[in-house]
Amino acid sequence: MWFDPKCPWAWNTSRWLLEVESVRDVTVRFHVMSLWLLNRGRTGLEAWYEEWLTDTLGPVRVLIAAEQKYGTPVLRDLYTALGNRIHHGKQPIGADLYRSALIETGLDTDLALAADREDHDDALRSSHHAGLDPVGEDLGTPAIHVDGAAFFGPVVSPVPRGEAAGRLWDGVLLAATTPGFFELKRGRTESPRVD
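Residue numbers here run from 1 along each chain, matching the order of that chain's written sequence. Reporting in this predicted model follows two pLDDT cut-offs: at least 70 for local features of residues, and 80 or more for side-chain atom pairs to be given and counted; totals over whole chains, interfaces and linings ignore these cut-offs and use all residues. Calculated side-chain values reflect all of the structure's heavy atoms, with hydrogen atoms and water omitted.

> Looking at this model, I keep getting lost on the pattern of salt bridges. Mind explaining?
Pairing between side chains of opposite charge can happen when the charged atoms of each approach one another. The term salt bridge refers to a side-chain nitrogen of Lys or Arg lying within 4 Å of a carboxyl oxygen of Asp or Glu. Enumeration according to the criterion identifies 11 salt bridges in this entry. Between arginine 24 and aspartate 170 there is a salt bridge, with the nearest N and O atoms lying 2.7 Å from each other. In this pair, arginine 24 sits in the loop between helix 1 (8-23) and strand 2 (31-32) while aspartate 170 sits in helix 8 (residues 162-176), placing the two residues 146 residues apart along the sequence. Here a strand is any run of E in DSSP of at least two residues, a helix any run of H or I of at least four, and the numbering for each starts at the N terminus.

> Explanation requested: helix 4 (residues 57-70) in the structure shown.
A turn of α-helix holds 3.6 residues, and therefore any two residues three or four places apart point the same way. Along its 14 residues, helix 4 runs 20 Å from first to last C-alpha, staying within 8% of the 20 Å computed at 1.5 Å per residue. Three exposure classes are used, based on accessible area relative to the maximum for each residue type with a 1.4 Å probe and protein chains only: buried under 20%, partly exposed in between, and exposed over 50%. Across the 14 residues that make up helix 4, a large majority, 11, are buried. Buried residues belonging to helix 4 abut strand 1 (2-3), strand 2, helix 2 (35-39), helix 5 (74-88), helix 6 (95-104) and helix 7 (121-132). One or two positions beyond helix 4, positive phi appears at glycine 71, with a value near 105 degrees. In this analysis, the expected span of each helix is defined as 1.5 Å times one less than the number of residues it contains. Residues count as neighbours in contact if any of their non-hydrogen atoms are within 4.5 Å of one another.

> Explanation requested: the layout of surface pockets in the structure shown.
The probe, sized like a water molecule, is rolled over the atoms to show the empty space still left. Throughout, the protein atoms alone are placed on a 1 Å grid, and a set of points is a cavity if a 1.4 Å probe fits but cannot get out or a pocket if it is open with protein on both sides within 12 Å along at least five of seven lines; lining residues have an atom within 4 Å of a point. Grid points are joined across faces, edges and corners, and a volume is the space filled by probe spheres set on the points. Approximately 1900 Å³ is the volume found for the largest pocket. Lining the largest pocket are 44 residues, and of these Phe152, Gly153, Pro154, Val155 and Lys185 sit closest to its centre. Secondary-structure elements contributing two or more residues to the lining of the largest pocket are helix 1, helix 2, helix 3 (47-53), helix 5, strand 4 (149-152) and helix 8. Per-element tally for the lining of the largest pocket: the top contributor is helix 8, with 5 residues.

> So what exactly am I meant to see when it comes to the side chain of arginine 61 here?
Within the secondary structure layout, arginine 61 lies in helix 4. The class for arginine 61 is buried, based on a relative accessible area of 10%. If near-sequence neighbours (up to four positions away) are discounted, arginine 61 is found in contact with Ala114, Ala115, Asp116, Arg117, Glu118 and Asp121.

> Would you take a moment to explain the packing of helix 1 against helix 5 for this structure?
Think of two packed helices as two axes; the pair is described by the angle between the axes and how far apart they sit. Axis angles are defined between N-to-C directions and span 0 to 180 degrees, where every axis is a line fitted to C-alpha atoms and, for a helix, only to the segment in contact. With their axes 11 Å apart at the nearest point, helix 1 and helix 5 run at an angle of 130 degrees to one another. Of the possible angle classes, the one that applies to helix 1 and helix 5 is oblique. The chirality of how helix 1 crosses helix 5 is left-handed. Of the residues in helix 5, those in contact with Pro8, Ala10, Trp11, Ser14, Arg15, Leu18 and Glu21 of helix 1 are Arg76, Tyr79, Thr80, Gly83, Asn84, His87 and His88. Of the residues in the contact of helix 1 with helix 5, the class split is 5 nonpolar, 6 polar and 3 charged. Every angle not falling under 35 degrees, over 145, or within 65 to 115 is termed oblique; those three ranges are roughly parallel, roughly antiparallel and roughly perpendicular. Crossing chirality is assigned from the near helix's rotation relative to the far helix, an anticlockwise turn below a right angle marking it left-handed and a clockwise turn marking it right-handed. Throughout, the ten residues Ala, Val, Leu, Ile, Met, Phe, Trp, Tyr, Cys and Pro are labelled nonpolar, Asp, Glu, Lys and Arg are labelled charged, and all others, Gly among them, are labelled polar.

> What is the right way to look at helix 6 in this model?
Three or more residues of helix 6 are buried, namely Leu97, Tyr98, Ala101 and Leu102. Taken down its axis, helix 6 places every buried residue within 125 degrees of arc, on the same side. Opposite the buried face of helix 6, at more than 90 degrees from it, the exposed residues are Asp96 and Ile103. Check the buried side of helix 6 and you find it contacts helix 4 and helix 5. Once helix 6 finishes, glycine 106 follows within two positions and takes phi at roughly 70 degrees, a positive value. Working definition: the arc comes from the directions between the helix axis and the C-beta atoms, pointing outward to the latter.

Here it is as structure tokens:
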């Protein structure tokens, strides 16, 4: 799964996938993408969304720096630590948030400095494109790759739990791996409820 840690929809999908691991033979591997990078240079974005994007680059840079230093498996726990602070604790995105998440996960707190540096931006772009290029244009996070299929979504709220999570996985996997299947969508009627 490719995620941007600030996206509440990706957060819900990530928590759903962790539920799926407990009821299906699935192992989730997390990868970083960037909504800032995805929307860079785009015109016509709504003003609230442009404002919302302003603090999204720092967290993905910290995640990529941690991945570069410790390896991809570190993203699971660091994403969880950042996401809990962002989505549940409503902590402001910045150095204090990064440092507390790095401390929780036992990682070098100097990685928080990566938020304001371009040192790992090539690796960020590489991860971003590896996740999104196979999905298609104008799609973002969550992006999932499984069994040779790459797709956007699912966008879920609230997070399905237990066997309900497994049933949704079965359906998503069936649809996503069906040759010629491209889209299933309905309008969102509520904001994400993160759990």
